[in-house]
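What follows is each chain in one-letter form.
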Amino acid sequence: MRRFRRCLTSLTVALLCVHVGTSLAGEDGCKGRDYGHGSTVCVCDSSFCDTILPIQLPQVREALIVTSNKAGLRWSVSTGKFSQHGNEISPSEDVKIEISSNVQYQKIIGFGGAFTDASGLNILSLPEPMQEMLLRAYYSVNGLEYTLGRVPIGGTDFSTRPYTYDDLKDGETDMKLSHFALAEDDLKYKIPLIRRATNMSSTPIKLFGSAWGAPGWMKDNGQISGKGKLLKKMYMTWAEYHVRFIKSYGKYNISFWGLTTQNEPSDGLEESFNFNSVGWTPEDQARWIGQHLGPALHNNSLSHLKVMILDDNRIFLPKWADDIMSDSRAAAYVSGVAVHWYTDWFTPSLALDLTHEHHPELFLLYTEACTGQWPWQPLKVVLGSWVRAEEYAANIIENLEHWVSGWTDWNLALDVKGGPNWVKNFVDSPIIVNAPRGEFYKQPMYYALAHFTKFLPEGSQRVALRAIYSGESTASFSHTAFIRPDNATVLIFLNKGHNVAKVRIMDNAGEMVLSVDPHTIITLAWNTSVGR
């Protein structure tokens with residue numbers, strides 16, 4: 001939980017039955033730099049920044065193959081040919097993957113990151129042309145093509161100070177929110193960057209708001225931070241506070257797709273918690289949603305907003321969803337379950353399966369993830385860590401395989417310390433800004449994300465995949481498969497092992513055999529109409 005936290009080398013993927021033609025991250029590729037942490041970052045400065053060009057599928061009976069790995073490849077593009085089933089004799093493979101596109105599961109909503117104050121401050125610390133470079137790296141067709149954006153409602157720990165939109169002197173209250181106003185931080189660090197990102201995106205960005213701390217006068221501890229619950233007499237005021245936020249951003253032509261009902265509601269129930277929070281039990285939150293937030297949204301023509309419950313770790317599932325959805329008034333307003341990744345390493349994915357089984361009408365969306373948050377990780381930012389890239393890829397694959405419809409990273413950009421953060425709860429980020437040097441660095445995590453964001457647009461649907469292993473190698477591999485709206489098949493494969501993996505891929509298009517080097521992420525895409 002959050003209380004604890006806070007380039008080029010030779011081609012390394014040998015393909016059988018494959019013609020290889022390599023281009024790296026656009027025309028010029030990554031300008032790699034090794035900081036001694038196992039792999040490289042890609043450096044962007046005033047003169048250069050690599051790009052990731054839009055996906056273009058190859059000819060009939062061919063697959064587009066994109067590779068990134070620990071050895072230094074970043075978005076290496078090649079093509080591979082399918083052969084007819086059974087026409088080829090090859091050595092025994094480590095894993096055989098059979099894709100059954102007629103068995104289908106959940107659809108993708110999107111991928112994205114959070115417009116925190118820290119992200120805005122870091123991006124704006126760069127010269128304006130480089131600000132544009134960084135935003136394009138996330139939102140343009142030559143970047144990750146993010147389609148989700150999390151927007152904090154007020155301050156977070158990744159602000160330079162604790163604040164809300166209605167902070168008063170001790171003993172004062174403002175039940176009618178007559179003093180409500182967006183903060184200077186919104187006007188400087190969030191709104192301008194959201195608008196710039198929206199303007200460069202080829203598709204609308206689904207923005208969703210999440211509150212951390214309520215004004216101290218609304219809470220039983222009298223403070224924005226620390227252990228404390230919302231006073232019940234403030235339930236309607238807190239609902240109206242959310243409406244005011246949505247309408248205030250609307251004045252800047254920024255519209256929202258959704259709301260989460262509280263960032264990590266468990267935080268505000270902990271004695272040791274030290275930054276912006278509100279504590280909730282699921283029973284209290286159900287009462288607030290059903291009797292106050294839901295009606296307030298309805299009465300202000302905001303019923304279209306997707307209300308997402310939990311916004312906390314999956315250790316609380318399925319019980320949190322069960323408790324809220326058992327309240328019929330609350331259930332009428334809930335569309336999805338928001339999940340954070342911080343306890344995934346010891347909470348089985350069965351929690352997601354059970355949540356979907358109990359509530360198939362709700363989508364599951366991961367709304368926060370970052371690395372470097374644990375106390376046993378003294379180095380919060382690890383420049384060039386491939387281990388962290390694999391952690392991202394493995395987590396996304398696992399969750400997609402268990403009914404999750406999208407994945408949202410935390411801060412878009414942090415400094416070399418992993419901040420700023422007013423409680424020094426520093427962490428890592430896919431892009432790190434080094435303003436004094438006029439540079440920013442694309443971490444391996446950035447390219448791991450690209451293997452999903454570039455290939456899985458909204459509406460892509462997960463399909464059945466059967467993997468047959470030989471030997472004791474199953475822990476080294478992760479994989480998932482989707483059919484896109486354009487009818488292309490996508491297979492994402494991760495080899496975390498120390499050895500080359502021989503992989504046979506089979507579907508209606510035929511079969512392909514490839515050798516995947518150690519510590520490698522590969523995404524393949526091909527036209528599913530082949531062979532039908």
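Everything here concerns the structure above.
Residues numbered from 1 in each chain as written. Predicted model: local features only at pLDDT ≥ 70, side-chain atom pairs only at ≥ 80, totals over all residues. Heavy atoms only, no water.

**Student:** Where do I start with the pairing of strand 4 (residues 40–44) in this structure?
**Tutor:** Put simply, side chains in a regular strand alternate between the two faces of the sheet. Across the 5 residues that make up strand 4, a large majority, 5, are buried. Neither face of strand 4 is exposed, since T40, C42 and C44 on one face and V41 and V43 on the opposite face are all buried. In the sheet, strand 3 (residues 32–34) pairs with strand 4 via 3 bridges, with the strands oriented antiparallel. Bridge pairing in strand 4 places R33 opposite V41. Hairpin connection, strand 3 to strand 4: the antiparallel pair is bridged by 5 residues, and G36 has positive phi, about 80°. Summarising the sheet, strand 4 and strand 18 (residues 439–442) pair through 3 bridges and their orientation is antiparallel. Considered in strand 18, the bridge of C44 is made with F440. (Buried < 20%, exposed > 50% of the residue type's maximum accessible area, 1.4 Å probe, protein only. Helix = DSSP H or I, 4+ residues; strand = E, 2+ residues; numbered from the N terminus. Pairing = 2+ DSSP bridges.)

**Student:** Explanation requested: the sheet that holds strand 3 in the structure shown.
**Tutor:** Sheets are built from strands paired through backbone hydrogen bonds, the pairs being either parallel or antiparallel. If you trace the 5 strands from one edge of the open sheet to the other, you get 3-4-18-17-16, paired in mixed fashion. On the outer flanks of this sheet lie strand 3 and strand 16 (414–415), each paired with one strand and no other.

**Student:** Hey, could you run me through a nonpolar patch on the surface in this one?
**Tutor:** A cluster of nonpolar side chains, I315, W345, F346 and W376, forms an exposed patch at the surface whose accessible area comes to about 510 Å². What makes W376 exposed here is its relative accessible area of 56%. (Patch = residues over 30% accessible without salt bridge, like charges linked within 9 Å, V, L, I, M, F, W, Y side chains within 5 Å. Areas by Shrake-Rupley, 256 points an atom, 1.4 Å probe, with all protein chains shown as cover. Salt bridge = Lys/Arg side-chain N within 4 Å of Asp/Glu carboxyl O.)

**Student:** Which parts of the structure should I look at to understand the sheet that holds strand 11 (residues 258–260)?
**Tutor:** Strands sit in the order 8-9-10-11-12-13-14-15 around a closed barrel of 8 strands; the barrel is parallel. The sheet shows a mean angle of 25° between the axes of neighbouring strands, direction not considered. In terms of strand pairing, strand 13 (residues 334–340) meets strand 14 (residues 363–368) through 5 bridges, oriented parallel. When the bridges of strand 14 are listed, H340 appears paired with E368. (Axes fitted to C-alpha atoms, helices over the stretch in contact; angles between N-to-C directions.)

**Student:** I tried to follow the pairing of strand 19 (residues 461–469) on my own but got confused; where do I start?
**Tutor:** Judged from the 8 bridges that link them, strand 7 (residues 95–107) and strand 19 form a sheet pairing that is antiparallel. Of the residues in strand 19, the one forming a bridge with K107 is Q461. In terms of strand pairing, strand 19 meets strand 20 (residues 477–483) through 2 bridges, oriented antiparallel. Residue Q461 lies in a different strand from strand 20, and its bridge partner there is I483.

**Student:** What is the right way to look at the environment of L193 in this model?
**Tutor:** Position of L193 relative to the elements: it lies in helix 3 (residues 184–200). Distance from L193 to G120, taken between C-alpha atoms, is 7.0 Å for residues 73 residues apart in sequence. If we ignore the near neighbours within four places in the chain, the residues touching L193 are F115, G120, I123, L124 and L135. (Contact = heavy atoms within 4.5 Å.)

**Student:** How do you make sense of the state of the cysteines when you look at a structure like this?
**Tutor:** By the definition in use, this model includes 2 disulfides. Each sulfur in the disulfide pair C30 and C42 lies 2.1 Å from the other. Measuring the twist about the S-S bond at about -110°, one finds the C30-C42 disulfide to be left-handed. Taken together, the residues C30 in the loop between strand 2 (23–24) and strand 3 and C42 in strand 4 connect sequence positions 12 residues apart. On the basis of relative accessibility, which here comes to 5%, the residue C30 falls in the buried class. You can call C42 buried: its relative accessible area is 0%. The disulfide partner of C44 is C49, and the S-S distance across this bridge is 2.0 Å. Disulfide C44 to C49: torsion about the S-S bond roughly 55°, handedness right-handed. We classify C44 as buried; its relative accessible area is 0%. A relative accessible area of 17% means that C49 is categorised as buried. (Disulfide = S-S within 2.5 Å.)

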